[in-house]
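# Survey of secondary and tertiary structure
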Amino acid sequence: MKKILTFAAVMLATAFAANAQESYAPEKGDFSVEIQVNPFSNNFTTFKLDALQGRYFFSSKDAMRFGIGFGIDSKKDHDDTQNDDLWTKTTNSNFSINLGYEKHFLNYKRVDLYAGAGLDFKLNRIKETENFGNDRQTVTSNAGNSYNEFAAKAFTGIDFYVYKGLYVGAEFGIKIGVKHFPGQVVKGGFFDGGWQSGWDNKHEVSKAPSSSSFVLATYAEPSLRLGWRF
């Protein structure tokens, strides 16, 4: 009985020592992959995957990161349930890419704080097609909703390690850049071409000029970052 109690005490002490010495700090050569999940997207869906991002630690305090995100959301509404040829289709496509550097300046137990800078490029496109029988009208680059954005940003963030390499995090910062809005183009309409006059689905009815704006704003990632370091 005494031997059993002694063995159990040794095992408990060993386990406690190992747990106390376990480090959650990143190390040189570590690589992490994380997903950014937005549970409160603009269209009020309950789940939206925003981006996939990777990190490489070339020292225990320094890391490079690269992220990419993309998606296509298409919705088709029938204007008349008795006529399948009457419908409106809206397609929203987006793409984003970012590259940056992180300095991890404080690691305490499960908490890791960092700051850094990076470059972002975002593209968003809206296309709406209205079909009525054999005639169709398409609106591309809806004003205000379609844009390209290029920005430089400085940020700070926090990672909390739930278990070993598994962590959750949040990030906020400031960005400066340029936002470009392509001109809205409407195709599909009646044209006057003499004896060939009529409706042409490819006929350009109108085209608005493009515009640009300067961007300077603080930001907070509206997402939950869930990652695994290995």
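Structure first, text after, so check above.
Figured I'd write up the structure that's included with this text. Per-chain numbering applies: the sequence of each chain, read as written, is numbered from 1 onward. It should be noted that, the model being predicted, local features are given only for residues of pLDDT at least 70 and side-chain atom pairs only at 80 or more, the latter also being counted only at that level, while totals for whole chains, interfaces and linings use all residues. As a rule here, side-chain values cover all heavy atoms of the structure and leave hydrogens and water aside.

### Focus: the side chain of N131
As a reminder of what qualifies: Helix and strand definitions follow DSSP, with helices as H or I runs of at least four residues and strands as E runs of at least two, each counted in order from the N terminus. By definition in these notes, contact holds between two residues if any of their heavy atoms fall within 4.5 Å.
By secondary structure assignment, the location of N131 is in strand β5 (residues 111–132). In contact with N131, other than residues within four places in its own chain, are D85, L86, W87 and R136.

### Comments concerning the environment of S213
Here S213 shows up in strand β11 (residues 211–220). Separated by 32 residues in sequence, S213 and F181 place their C-alpha atoms 8.3 Å apart. Those residues in contact with S213 that sit more than four places away from it in its chain are G177, V178, K179 and F181.

### Let's talk about the pattern of salt bridges
Selection criterion: Note on definitions: salt bridges are taken to be side-chain nitrogens of Lys or Arg within 4 Å of carboxyl oxygens of Asp or Glu. Residue burial is assigned from relative accessible area. The probe radius is 1.4 Å, only protein chains are included, and a residue is buried under 20% of its type maximum, exposed over 50%, and partly exposed in between.
Using the criterion set out here, one finds seven salt bridges in the structure. The shortest N-O distance in the salt bridge between K153 and D120 comes to 3.1 Å. In this pair, K153 is assigned in strand β7 (residues 147–163) and D120 in strand β5, connecting sequence segments 33 residues apart. The residue K175 makes a salt bridge to E149 at a minimum N-O spacing of 3.2 Å. In this pair, K175 sits in strand β8 (residues 166–181) while E149 sits in strand β7, placing the two residues 26 residues apart along the sequence. With respect to burial, K175 and E149 carry one shared label: buried. Beyond isolated ion pairs, a larger network of salt bridges with shared partners links R55, R65, E102, D159 and E171.

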